[in-house]
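Observations on the three-dimensional arrangement
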Amino acid sequence: RIKVVHGCFLAISSHFPTAMEEVEEYEKGYGKGPYGTREVSLCSIRFNPTVSALAALCLWGFVAYAVLDENSSTVFSAWMSWVTDKFTWFYIISQDYWLLYLFPLVYYYGDMKLGKDDEEPEYGDLTYLAMVWCAGVAIGLIFYGASEPMIHAMNGKNRYNNDGYSNENQRAQYGLHITMFHWGFMAWIVYCLTAITMGFLAYRKGLPLCFRTTLAPVLGKATWGWLGDLLDIVTIVTIVAGLTTSLGIGAKQIVEGCRRLGFLPEKLDEDQLTQTACWIIGIITMCATASVVAGLDVGIKSVSYVAFMLGNFLILVVFCLDETWYILNVLVSSLGFHLQHIIEISFDTDAFAQLRPGNGQPNDGLGADPSWMNGWTIFYWGWWIAWAPFVGTFMARVSRGRTIKQVVLYTLTIPCGYAFLWFGTFGAAAIRMDRRATFLAEIGLKMHNNSNYFLHTSAGFRPNTAGNCYNVPATLPNVTDYAVNPYVTPVCNFAGADSNGFWFDLMNQYYGMGTFLTFVSIVTTVLYFVTSSDSGSLVVDLIAANGREAHVSQRVFWAVTEGAVAVATVASGGFDSLSGLQAVSIVMGLPFTFILMIMCTSLWRALKIEAGDMPNINRRTDWTLPLYGGIFDLPEVLLTCGRCPLPSRKSIIDFLGALVVPGYVLYQAMTGLSKHQQEPLTFWARAILGAVTQFLFMGFIGFQTASATYWWMVDQDVVGHGLWAFAWICYISMAGFLAFGRHQIRRAYSIEGSGMEDFWSSLLLYPQALAQMVSQIASDPIARAKAVEDSAFDGL
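A brief report on the enclosed structure follows.

Definitions and cut-offs
- Each chain carries its own residue numbering, running from 1 in the written order of its sequence.
- Owing to the predicted nature of the model, reporting of local features is limited to residues with pLDDT of at least 70; listing and counting of side-chain atom pairs is limited to 80 or more, with chain, interface and lining totals taken over all residues.
- By convention in this description, side-chain values take in all heavy atoms of the structure and omit both hydrogens and water.
- By definition, any uninterrupted DSSP run of H or I lasting at least four residues is a helix, any uninterrupted run of E lasting at least two residues is a strand, and each is numbered from the N terminus.
- Here, two residues are considered to be in contact whenever any of their heavy atoms come within 4.5 Å of each other.
- For every accessible area listed, the method is Shrake-Rupley and the probe measures 1.4 Å; residues are considered covered only by the protein chains on display.
- The disulfide criterion used throughout: a pair of cysteine sulfur atoms within 2.5 Å.
- The residues that make up patches have over 30% relative accessible area and no salt bridge, and they are joined within 9 Å when like-charged or within 5 Å when they are Val, Leu, Ile, Met, Phe, Trp or Tyr.
- By salt bridge we mean one thing: a side-chain nitrogen of Lys or Arg within 4 Å of a carboxyl oxygen of Asp or Glu.
- Whether a residue is buried, partly exposed or exposed follows from its accessible area with a 1.4 Å probe, protein chains only, as a fraction of its type maximum: under 20%, in between, or over 50%, in that order.
- What a helix should span is 1.5 Å times the count of its residues minus one.
- Note on geometry: axes are C-alpha line fits, over the in-contact stretch for helices, and angles between N-to-C directions span 0 to 180 degrees.
- Angle categories are assigned with fixed cut-offs, so that under 35 degrees is roughly parallel, over 145 is roughly antiparallel, 65 to 115 is roughly perpendicular, and the rest are oblique.
- Less than a right angle of anticlockwise turn of the near helix away from the far helix marks a crossing as left-handed, whereas a clockwise turn marks it as right-handed.
- Amino acids are sorted into nonpolar (Ala, Val, Leu, Ile, Met, Phe, Trp, Tyr, Cys and Pro), charged (Asp, Glu, Lys and Arg) and polar (every other residue, Gly among them).
- Pairs of N or O atoms are called polar contacts if they sit within 3.5 Å, as long as, within protein, a hydrogen donor faces a hydrogen acceptor (for residues adjacent in sequence, only side-chain-to-side-chain pairs).
- Aromatic pairs are defined between Phe, Tyr and Trp rings, using the six-membered ring for Trp, whenever the two ring centres lie within 6.5 Å; interplanar angles under 30 degrees are classed as stacked, those over 60 as edge-to-face, and all others as tilted.

With that out of the way, let us pick up the overall build of the protein. When helices and strands are counted, the protein shows 25 helices and 6 strands. Dimensions of the protein, computed from C-alpha atoms along their principal axes, come out at roughly 100 × 70 × 50 Å. In the protein, once contacts between residues fewer than 6 apart in sequence are set aside, the share between residues at least 24 apart is 78%. For the protein, the exposed surface amounts to about 33000 Å²; the carbon and sulfur share of it is 64%.

Examined against the element boundaries, Leu-634 turns out to sit in helix 19 (residues 634-639). The spacing of Leu-634 and Ala-430 is 204 residues in sequence and 60 Å in space, taken between C-alpha atoms. Discounting chain neighbours no more than four positions away, the residues touching Leu-634 are Leu-646, Pro-647 and Ile-652.

The next thing to look at is the state of the cysteines. Applying the stated criterion across every chain, the model contains 1 disulfide. For Cys-469, the disulfide goes to Cys-492, at an S-S distance of 1.9 Å. Measuring the twist about the S-S bond at about 100°, one finds the Cys-469-Cys-492 disulfide to be right-handed. Within this pair, whereas Cys-469 is found in strand 5 (residues 469-470), its partner Cys-492 is found in strand 6 (residues 491-492), the two being separated by 23 residues in sequence.

Right, let's talk about a nonpolar patch on the surface for a bit. Residues Phe-313, Tyr-487, Tyr-511, Met-513 and Phe-516 make up a contiguous nonpolar surface patch of roughly 500 Å² in combined accessible area. Relative to the elements of secondary structure, Met-513 occurs in the loop between helix 16 (502-507) and helix 17 (514-544). On the basis of relative accessible area, Met-513 is assigned to the partly exposed category, the value being 31%.

Here helix 9 (residues 226-261) is 36 residues long and its end C-alpha atoms lie 52 Å apart, about the 52 Å a rise of 1.5 Å per residue gives. Counting buried positions along helix 9 gives 31 out of 36 residues, so the element sits mostly inside the fold. Immediately downstream of helix 9, the backbone of Gly-262 shows phi near 85°, a positive value.

The subject of this paragraph is helix 5 (residues 147-154). Burial runs high along helix 5: 7 of the 8 residues are buried. Turning to helix 5, its buried residues are Ser-147, Glu-148, Pro-149, Met-150, Ile-151, His-152 and Ala-153. Its buried side turned inward, helix 5 meets helix 4 (140-145), helix 6 (168-183), helix 13 (372-375), helix 14 (377-398), helix 15 (404-448) and helix 16.

One way to put it is that helix 5 packs onto helix 6 with a least axis distance of 7 Å and a crossing angle of 130°. One way to sum up the angle between helix 5 and helix 6 is to call them oblique. The chirality of how helix 5 crosses helix 6 is right-handed. When helix 5 is examined against helix 6, the residues Glu-148, Pro-149, His-152 and Ala-153 are found in contact with a partner set consisting of Arg-171, Ala-172, Gly-175, Leu-176, Ile-178, Thr-179, His-182 and Trp-183. Of the residues assigned to the contact of helix 5 with helix 6, the class counts are 6 nonpolar, 4 polar and 2 charged.

Attention now goes to the side chain of Ser-166. Along the chain, Ser-166 turns up in the loop between helix 5 and helix 6. Residue classification places Ser-166 among the buried positions, given a relative accessible area of 8%. One polar contact links Ser-166 to Asp-163, side chain to side chain, over a distance of 2.4 Å. Excluding residues that lie within four positions of it along the chain, Ser-166 makes contacts with Tyr-160, Arg-171 and Tyr-174.

For the coordinates displayed, the defined rule picks out 51 aromatic pairs. Aromatic pair Tyr-160 and Tyr-174: ring centres 4.4 Å apart, planes at 20°, arrangement stacked. With Tyr-160 in the loop between helix 5 and helix 6 and Tyr-174 in helix 6, this pair connects stretches of sequence that are 14 residues apart. A residue is classified by how much of its surface remains accessible, and Tyr-174, at 14% relative accessible area, is buried. For the ring pair Trp-387 and Phe-390, a centre distance of 4.9 Å and an interplane angle of 65° mean the geometry is edge-to-face.

Distances and angles like these do not, on their own, reveal function.
So, in structure tokens, the structure goes:
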């Protein structure tokens, strides 16, 4: 058997090895940590120095920029707008793809465990569900529970409430439908897939519980090198940015609730509100730190369980004390409506509505506002994706011993059903309360010529931006069929400017128990707050410690860092800086979307190997030069101080040559392949293929240069400004020819893969793809009993 080495990465030929020659499927790196990751040990503290140091540097550098630059929020918002404007289609289709991906995943591999076959689940079903639920939704339940259905039904023009013909009942149904779409299946898919991938590779294959592990079946040995370090750094920064935003949102609502209960002064200026929020973040961070120190079994488990139970208490109170039969009617009709329209809304991108004035915007004034999709659906999708490494890692940690089918059930169907009950119950109650308040304002005007005749005045605090509240009379003369429960009072109108306080208005109407229910809501928010913070700290600890349980001091460091970043951001720039962090988190969701698409291929490949549907590394042919090898080994050589061998000179020369003359290198590769084929391409066919490829490459360079020149010389002919389109036509066409060549070589050598992989490799890394092709033809193909077949299903 021949082993061909290019730099750090080893490829094994398809000769069947003897027992003494067998090689592990996932090769190790050159560090001292698990699977060769980088690791430093200080007494009993072990951590990845590159990941920990650079992640901390990025976080504090970001905070410094947010503090020192007054325009930072504007810059961050501009980034978010660019991402949502240009990649709405990608966010939407990726979510749909992941949903479809789950069906064959469960059908073929649903019984495979995230652990050894004889392992049992570490946590009981109820505790497991509580931890998964609290980590995945947390503070947003109360912040958006009553207000989001109202916003979609009444405020902010969307494609439903501004269609020009829907009545009030239809708009209410649409509001619940959109809310359930945002918090339902699509919200949990990304968590579910991440948890399955990490849990399978960590607990069944023994790889470290880091996010980098999700790409190990694709990246191979590079997973434990600088590419994996970069992925973990981005993961930690994204997690902390997302958690910091949640801390700010939670602190804002807690401040609002405490003011209504009289725990805080009513009159607080902006500086005092900011200081109060900082104190709340600091206090809750201390609680979260204590929970993290106590560990998963004692701290996080207990807090999650209590928060989950309190949430159940609130939903049962509203279900019982409100109009129970009405809520049941709303739940049933909303379920049917949602299922009927879920395909439609899942693929809707607001393509026409997003056009700006003069750029194709509709002229009738109807339909969605151009910014609605960005501010809601794409915000949520980016938010969920940005949280995927946090929630997915945590869910993988608590899912050990469960089958893939069970993980899908508990992390997709049951949480989605619970979210449906939550938003259906509170949304229905909120809609009814707002309508009752509007009725009392109108009947007061009609009967007493005073819309404020039933106006409720309270000694408690309510901001000026809140909607009016009205006392509910037991009887109304001359009003037919007036039959109400006078103990559900006062009822309040919804006001978009006070959306974060509308929850407390809803709680305040039930049988005089407003103070008690508001207090329970605040406690629940705090516990969800703590659960999110300590769960996030646990995940960051795992990543920074290469997937192992971190030392107590490391847990404290990352928990305090999260709180410190939030406090520093709020103290320096108020909630505008938090909006900036939120924007950055959404922007970070874009690269993670690409990563998660690759992760799906990675998981499928790992499951195929485990099930025996794909040969293992000892019985298959891989590329002798991986896409991540060759010239990309040079950073690893430096980081390992030479423990990683230098890449071969030929691989670097081939890369540089392909960078400039891809057509000639393609001709070389196809000529070398012809020596191993019974019916090769003719000389002229190879020459034409190489010449056309080089011509297209030169066309790409020429058109791009000309277009840039015309853009700088604005007085020139406007036609020249559009030459960039021809440049990209040339480049994509060139990638197609390169993909054809790569496909031919891969088929000849029976290398696992698909036509889509050939195309994307050629499109994104054409010099390395060509160097890979030239390297491969230097060896003879190995005859196999069955050639690798490409199919759309394998493309999964």
